[in-house]
Amino acid sequence: MLPVCYDPYAGTLGRLTRADIFSLVAAAGYDGINIPVNAAFLGEPSSGAGAPAYTAGIADAVNLAEKHNLIAPTIGFGNHILTTPAKKEAALKHFEIVLEVARRFEADVIGVWVNPCADASRAASLETLADNLSHMLSPCQENGMKIALEFEKGCPLDNYREGVAFIEDTGLPVYLTCDTYHLFNDGAEPHAAAHAMKACLGDVHVSGSNRGEPGGGVFDFETFARGLKEIGFAGPLVVQYKMEDVASVKRSCEFTKKFRAMIQP
């Protein structure tokens, strides 16, 4: 069964403690949670020479997941510098931390938001991304993990078509994260988009077309679900939206489980 997970995103991070987030997500009925590898979720990096970053936060998150019987099939690459030519060394150091977190949670997908870089052209940004990914792929494959790239309007991968082209042109065995919010903003036809991403769709972010809770707005979830069902999509469904009303966390889970039912055979 496709896991339905919650992403502690805008409106959640900085508002609720880590313990409260896990408790809320479990009580709402989710199967799991996305773990963003950043200070906002895991706390400030550990200090001291040689001290592994986020040690206490990672251990606490693992314990909370076990306590609440939540899985973490997706891990977020929280330091958005993979397209920045001057920060290749820092990006790969951060990847080491992300990989360790993914191992601890036995995750399936490491999610990467393909960030804009003010100091580099689109071509240079994508070249940097490809180079960084080439160093990351072998350790991921050894651990049975995928890397999924999230496209977004105005980013180096502006839409799913550019995402598919990047994968085909580089030959890198990476995948795409399809966010329903970004798909809507692209004006893409959901059914056609699902089929176009068939070979490289890693996970789906579920959001309202206005970045509010899923089910809000006008995105055509039914048509998208039909496409996902036809391509045999089996990845995680990650609820990601700007949370304003705490009660929406449970409503979003219920909506996404209905969405899941439309996808599964």
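Refer to the structure presented above.
Residues numbered from 1 in each chain as written. Predicted model: local features only at pLDDT ≥ 70, side-chain atom pairs only at ≥ 80, totals over all residues. Heavy atoms only, no water.

Overview of the nonpolar core
Thought 1: Judged by nonpolar contacts, the single largest core of 81 residues is most densely connected at Leu-149, Phe-166 and Leu-228.
Thought 2: If we ignore the near neighbours within four places in the chain, the residues touching Phe-166 are Leu-126, Leu-129, Ala-130, Leu-133, Leu-149, Leu-157 and Leu-172. (Core = buried A, V, L, I, M, F, W, Y, C linked by side-chain atoms within 4.5 Å. Buried < 20%, exposed > 50% of the residue type's maximum accessible area, 1.4 Å probe, protein only. Contact = heavy atoms within 4.5 Å.)

Some thoughts on the sheet that holds strand E1 (residues 4-6)
Thought 1: Sheet architecture is open: nine strands sit in the order E2-E1-E9-E8-E7-E6-E5-E4-E3, paired in parallel fashion. At either margin of the open sheet sits one strand with a lone partner, and together these are strand E2 (32-33) and strand E3 (35-36).
Thought 2: Summarising the sheet, E1 and strand E9 (residues 237-239) pair through three bridges and their orientation is parallel. Its bridge partner being in E9, Tyr-6 is matched across the sheet by Val-239. (Pairing = 2+ DSSP bridges. Helix = DSSP H or I, 4+ residues; strand = E, 2+ residues; numbered from the N terminus.)

Considerations on the environment of Pro-214
Thought 1: Positionally, Pro-214 belongs in the loop between strand E8 (201-206) and helix H9 (221-230).
Thought 2: The buried category is assigned to Pro-214, whose relative accessible area is 4%.
Thought 3: Residues within four places of Pro-214 in sequence aside, it is in contact with Val-206, Ser-207, Gly-208, Val-239, Tyr-241, Ser-252, Phe-255 and Thr-256.

What to know about the pattern of salt bridges
Thought 1: On inspection of all chains with the given rule, the structure shows 14 salt bridges.
Thought 2: Close ionic contact of Arg-103 with Glu-100 constitutes a salt bridge, the shortest N to O distance being 3.4 Å. Placement of both Arg-103 and Glu-100 in helix H4 (residues 88-105) is noted, with a separation of three residues, approximately one turn of the helix.
Thought 3: The partly exposed category is assigned to Arg-103, whose relative accessible area is 39%. (Salt bridge = Lys/Arg side-chain N within 4 Å of Asp/Glu carboxyl O.)

Details of the environment of Phe-255
Thought 1: Within the element layout of this structure, Phe-255 appears in helix H10 (residues 248-263).
Thought 2: Taking C-alpha positions, Phe-255 is 26 Å from Phe-77, a pair spaced 178 residues apart along the chain.
Thought 3: For Phe-255, the residues in contact, after removing those within four places along its chain, are Val-206, Pro-214, Gly-215 and Phe-221.

Quick word on the packing of aromatic side chains
Thought 1: In this structure the tally under the stated criterion is eight aromatic pairs.
Thought 2: Residues Phe-221 and Phe-259 carry aromatic rings whose centres are separated by 5.3 Å and whose planes lie at 80° to one another, so their mutual orientation is edge-to-face. Here the residue Phe-221 occupies a position in helix H9, and Phe-259 occupies one in helix H10, the gap between them amounting to 38 residues.
Thought 3: In this structure Phe-259 comes out as buried when scored by relative accessible area, which is 1%.
Thought 4: Taking 6.3 Å as the distance between ring centres and 20° as the angle between the ring planes, the aromatic pair formed by Phe-224 and Phe-259 counts as stacked. Of this pair, Phe-224 sits in helix H9 while Phe-259 sits in helix H10, and the two are 35 residues apart along the sequence.
Thought 5: In this structure an aromatic cluster arises from ring pairing among Phe-219, Phe-221, Phe-224, Phe-255 and Phe-259.
Thought 6: Between Lys-146 and the ring centre of Tyr-175, over which it is positioned, the NZ or CZ distance is 4.6 Å. (Phe/Tyr/Trp six-rings, centres within 6.5 Å; stacked < 30°, edge-to-face > 60°. Lys NZ or Arg CZ within 6 Å of the ring centre and 35° of its normal.)

Examining the packing of helix H3 (residues 55-67) against H4
How two helices pack is summed up by the angle between their axes together with the distance between the axes.
Thought 1: Direction vectors running N to C along H3 and H4 enclose 25°, while the axes themselves pass 11 Å from each other. For the element pair H3 / H4, the angle class is roughly parallel. As H3 runs across H4, the sense of the crossing is right-handed. Counting all contacts with H3, which are made through Ile-58, Ala-59, Ala-61, Val-62 and Ala-65, the residues of H4 involved are Val-101, Arg-104 and Phe-105.
Thought 2: When its residues are assigned to classes, the contact of H3 with H4 shows seven nonpolar, no polar and one charged. (Axes fitted to C-alpha atoms, helices over the stretch in contact; angles between N-to-C directions. Parallel < 35°, antiparallel > 145°, perpendicular 65-115°, else oblique. Left-handed = near helix turned anticlockwise from the far one by under 90°. Nonpolar A, V, L, I, M, F, W, Y, C, P; charged D, E, K, R; others polar.)

Some thoughts on unusual backbone geometry
Thought 1: The phi dihedral of Tyr-54 is positive, around 60°, even though this residue is not glycine.
Thought 2: Considering the arrangement of structural elements, one finds Tyr-54 in the loop between helix H2 (39-42) and H3.
Thought 3: Even without a glycine there, the phi angle at Glu-106 is positive, about 50°.
Thought 4: For Glu-106, a relative accessible area of 68% corresponds to the exposed category.

Thoughts on the packing of H4 against helix H5 (residues 122-142)
Thought 1: Following both chains from N to C, one finds H4 and H5 inclined at 30°, their axes separated by 11 Å at the closest point. In terms of axis orientation, H4 runs roughly parallel to H5. With respect to the hand of their crossing, H4 and H5 are arranged in right-handed fashion. Contact residues: H4 offers Lys-88, Ala-91, Leu-92, Phe-95 and Leu-99, while H5 offers Thr-128, Asp-131, Asn-132, His-135, Met-136, Pro-139 and Cys-140.
Thought 2: Across the contact of H4 with H5, the residue classes break down as seven nonpolar, three polar and two charged.

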